[in-house]
Amino acid sequence: MPTPQDPTEIQGVTLQSIAEQFGTPVFVYDGDKITSQIQALQDAFSGVMLKIKYATKALSNISILKVVKSAGAGVDAVSIEEVRLGLLAGFLPTEIMYTPNCVGFEEVQEAVDLGVTINLDNLPVLAQFGQTYGNSVPVCIRINPHIMAGGNAKISVGHIHSKFGISIHQLDEILNIVSQYGMLITGLHVHTGSDILDAEVFLRGGNVLFDAAMKFPDLKFLDFGGGFKVGYKPDDIATDVFQVGKKVTEAFQEFCKKYGRELELWLEPGKFLVSEAGYLIVKTNVVKQTPQLTFIGVDSGLNHLIRPMLYDAYHGVYNLSNPEGKLKPYNVVGYICETDTLAADRLIGEVKTGDLIVIKNAGAYGFSMASNYNSRLRPAEVLVWKEKAHLIRKREEFKDLINNQIVLEL
Ligand code: LLP
């Protein structure tokens, strides 16, 4: 039986028709889902002055950024390229937060010139920034709160061994630099990791910010980062954003009283906004029976969705062409010349060559982490918006692979 979790259509547009019209493999995004996730956060944090900065890195197609904008959120960019994408999507520079890590100072200067909010995460660049701009350009500081959180070690970034943020234990050094150059610090930021289930983690990060904030009189906002967990497996528990909203709002209001002024609260969700909105539709090239297993070999692989191989991530899969078929155990694998298991040991409606397989939770860190490995082409992207399917990125062609190559006459 097709379940609501295994949709055959989005806003009345069938996934089958999208695959027929645009071919496979294809990423499909549900604009309504993105909008409703933003709305859920707005509702959950209605007691504070909330600003949502969508973590562009999760899915950076300009049309997706426009959906985010239409729902009233801003963007969080980690590279100058993401800043430029945000501007192209129509965001004002003031709606863009730029949080680079280990970039050269020239890139920071470029971002200053573009007028976006700058978030710095190391002492040497903070000092260089102070020396260069004094108090003429406001700046936010990313604190490493030393909290271990997140779905796995590769996506935990707020702990003591992480390269991100300025250690909270270096607060005195931060304050020395700030006073030496008379810098204007308008924000403090923490982001501890991705796939964080527990509201307590956000509160602990908040408490670190609240304590540090008392030393910075000119603050306008505190940024709690992103990292809300979404459901990947059936019956998976996702972060209860209403519980986080309630707890964090209470603590934040308390803090603002102590601080003497109401500040804005910023969030930087990536996965929460786009993960479940995205589906990767692939086609079965071969059903391969071995003495041990039955493989479904599809026209995609780790080049299009690297999360299963990189993080052992679980992505739900189902047979769109045979949703009510007899369930059989399969391993869904790609066409890449490496072990690229997309889903292992799953019960899927009986599959035959040509069947369309849908991979779920493909919105976040799917296309944005896709590559041309094995000289394969990247898929098309389609957005379902106002009950219509729109092509928002053409499928790559062979010429895209060789466009930038300079072929030597040998
Ligand atoms: N803010 C900052 C500063 C970040 O570094 C990140 C993610 C986010 C916000 C958004 O986190 P989210 O809400 O999406 O969890 N590729 C990995 C996730 C890496 C996240 C990197 N930073 C994955 O596919 O699980």
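Thresholds, definitions, all that
- Residues numbered from 1 in each chain as written.
- Predicted model: local features only at pLDDT ≥ 70, side-chain atom pairs only at ≥ 80, totals over all residues.
- Heavy atoms only, no water.
- Near = heavy atom within 4 Å.
- Polar contact = N/O pair within 3.5 Å; in protein donor to acceptor, adjacent residues only side chain to side chain.
- Areas by Shrake-Rupley, 256 points an atom, 1.4 Å probe, with all protein chains shown as cover.
- Nonpolar A, V, L, I, M, F, W, Y, C, P; charged D, E, K, R; others polar.
- Domains from an automatic or database assignment.
- Buried area = accessible area lost by both parts, 1.4 Å probe.
- Salt bridge = Lys/Arg side-chain N within 4 Å of Asp/Glu carboxyl O.
- Helix = DSSP H or I, 4+ residues; strand = E, 2+ residues; numbered from the N terminus.
- Buried < 20%, exposed > 50% of the residue type's maximum accessible area, 1.4 Å probe, protein only.
- Contact = heavy atoms within 4.5 Å.
- Phe/Tyr/Trp six-rings, centres within 6.5 Å; stacked < 30°, edge-to-face > 60°.
- Lys NZ or Arg CZ within 6 Å of the ring centre and 35° of its normal.

## Here we look at the site of the ligand
Lining the immediate environment of the ligand, one finds 17 residues, of which Ser194, Glu268, Lys271, Arg307 and Tyr365 sit closest. In the environment of the ligand, a nitrogen atom lies 2.6 Å from a nitrogen or oxygen atom belonging to the side chain of Glu268. Within the contact set of the ligand, an oxygen atom lies 2.7 Å away from a side-chain nitrogen or oxygen of Lys271. About the coverage of the ligand: the protein hides 92% of its 580 Å² of free accessible area. The class makeup of the residues in the shell around the ligand is 6 nonpolar, 5 polar and 6 charged.

## Describing the domain arrangement of the protein
The domain architecture assigned to the protein consists of domain 1 (9-25 + 278-362 + 379-394) and domain 2 (31-272). The gap between the C-alpha centroids of domain 1 and domain 2 is 34 Å. For the pair domain 1 and domain 2, the two sides together bury roughly 1300 Å², of which 55% comes from carbon and sulfur. At the surface where domain 1 touches domain 2, the tally comes to 0 salt bridges. At the surface where domain 1 touches domain 2, the tally comes to 4 residue pairs in polar contact (both at pLDDT 80 or more). Within the side of domain 1 that touches domain 2, the residues separate by chemical class into 7 nonpolar, 4 polar and 3 charged.

## Describing the side chain of Asp76
Tracing the backbone shows Asp76 in strand β5 (residues 74-77). For Asp76, a relative accessible area of 3% puts it in the buried group. Beyond its immediate chain neighbours, meaning those up to four positions away, Asp76 contacts Lys53, Tyr54, Ala55, Thr56, Lys57, Glu82, Met97, Thr99 and Glu268.

## Details of the packing of aromatic side chains
Tallied over the entire structure, the rule returns 12 aromatic pairs. Ring geometry for Phe27 and Tyr29: centres 6.3 Å apart, planes at 15°, overall stacked. When the ring of Phe210 is compared with that of Phe255, the centres are 4.8 Å apart and the planes differ by 15°; the resulting orientation is stacked. Of the two residues, Phe210 is situated in helix α8 (residues 199-213) and Phe255 in helix α9 (residues 241-259); the sequence distance between them amounts to 45 residues. What makes Phe255 buried here is its relative accessible area of 4%. Taken together, Phe210, Phe224, Phe252, Phe255 and Tyr259 form an aromatic cluster joined through their ring pairs. Its guanidinium or amino end placed over the ring of Tyr314, Arg346 lies 3.6 Å from that ring's centre, counting from NZ or CZ. Between Arg376 and the ring centre of Tyr335, over which it is positioned, the NZ or CZ distance is 4.1 Å.

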